[in-house]
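Understanding the architecture of this molecule
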Amino acid sequence: MISPETFHVVSTELVVGAFSVAGLSFTLCLLLHLGILKQPSWSPVFDHVAHFTLAFGLAATPFAILSGLSSAPGEGLNSPILVNKMFLSMTGFGFALGCLITRWRLGNNVWSTTKSTTLHSASGLAAVGSMLLTASAGGTFARGESLLDILHLPYENVLLFPMIVSATALLLGISMLVLSWKRMNALSSVH
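Residues numbered from 1 in each chain as written. Predicted model: local features only at pLDDT ≥ 70, side-chain atom pairs only at ≥ 80, totals over all residues. Heavy atoms only, no water.

Things to note about the pattern of salt bridges
If the charged atoms of two oppositely charged side chains come close together, the side chains can form a pair. Put simply, the test is: The salt bridge criterion pairs a side-chain nitrogen of Lys or Arg with a carboxyl oxygen of Asp or Glu, the two atoms within 4 Å. Counting from the N terminus, the helices are DSSP H or I runs at least four residues long and the strands are E runs at least two residues long. The classification of residues rests on relative accessible area computed with a 1.4 Å probe and restricted to protein chains. Under 20% of the type maximum is buried, over 50% is exposed, and intermediate values are partly exposed.
For the structure shown, the criterion picks out one salt bridge. Across the pair Asp47 and Arg103 runs a salt bridge, and its minimum N-O distance is 2.5 Å. Placement of the pair is Asp47 in helix α2 (residues 43–71) and Arg103 in helix α3 (residues 80–106), with a sequence separation of 56 residues. Pair check on accessibility: Asp47 and Arg103 agree, each one buried.

As structure tokens, this is what we get:
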């Protein structure tokens, strides 16, 4: 039987590796579509790699989260670093899911304008950045050091919002989901 600690290391490496490749691919997609790189034939390759590795990393994320919680010393989220890891990984999960759903719904049209290209790439890169910060916080928690120590990130401080801000954000998110669901249904009934 594999211990939770070992399973966490394996699943974390899968997540970090997949998101790192996705980040590189999203960056190259952005550079290609903005005309900075002059190899338009590479565009479909990087598009597929970016989204496939993002989906793979997204699929591996719950395993990393659950194995991390079960392998952490103590009971649950008893450290500010673990709370920050949870916030960061859920943020990355949300960005990645939004990016993949957008690509699925719009197809290649996400690359049709400079605005949509920039927004889509920024969403993919935000997912990548959140996951890499999560991994850095994990290194700080487990070993007391990480690759990003030179930035002196405040992993020991948990950003908590007042209840009114949290409630407003929750209502805004639910409203956006309802409005987008209605719009998707209205568009599908037109066709």
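Moving on from the coordinates now.
As for the packing of aromatic side chains
Each aromatic ring pair is described using two quantities: the centre-to-centre distance and the angle formed by the ring planes. Our working definition: In summary, the pairing rule links any two rings of Phe, Tyr or Trp, Trp by its six-membered ring, whose centres are within 6.5 Å, and it sorts them by plane angle into stacked for under 30 degrees, edge-to-face for over 60 and tilted for everything else.
Taken as a whole and assessed by the stated rule, the structure comprises one aromatic pair. Both rings, one in Phe7 and one in Phe63, keep their centres 6.4 Å apart while their planes meet at 85 degrees; by these two values the pair is edge-to-face. You can see Phe7 sitting in helix α1 (residues 4–33) and its partner Phe63 sitting in helix α2, a full 56 residues away along the chain. With relative accessibility at 36%, the residue Phe7 sits in the partly exposed group.

Details of a nonpolar patch on the surface
What counts, and what does not: Like charges are joined within 9 Å and nonpolar side chains (Val, Leu, Ile, Met, Phe, Trp, Tyr) within 5 Å, but only among residues with over 30% relative accessible area and no salt bridge; these make up the patches. Values of accessible area rely on a 1.4 Å probe in the Shrake-Rupley scheme; residue burial ignores everything except the protein chains shown.
Judged by side-chain polarity, Val10, Leu14, Phe52 and Phe56 come together as a nonpolar surface patch covering roughly 390 Å² of accessible area. Sorting the residues of the nonpolar patch by element identifies α1 and α2 as the ones contributing at least two each. Mapped onto the secondary structure, Phe52 falls in helix α2. Its relative accessible area of 59% is what places Phe52 among the exposed residues.

Quick notes on the side chain of His120
Spelled out, the test is: Contacts are assigned to residue pairs with any non-hydrogen atoms lying within 4.5 Å of each other.
Relative to the helices and strands, His120 is located in helix α4 (residues 114–143). Apart from the residues lying within four places of it in its own chain, the contact partners of His120 are Phe26, His51, Cys99, Thr102, Arg103, Val110 and Trp111.

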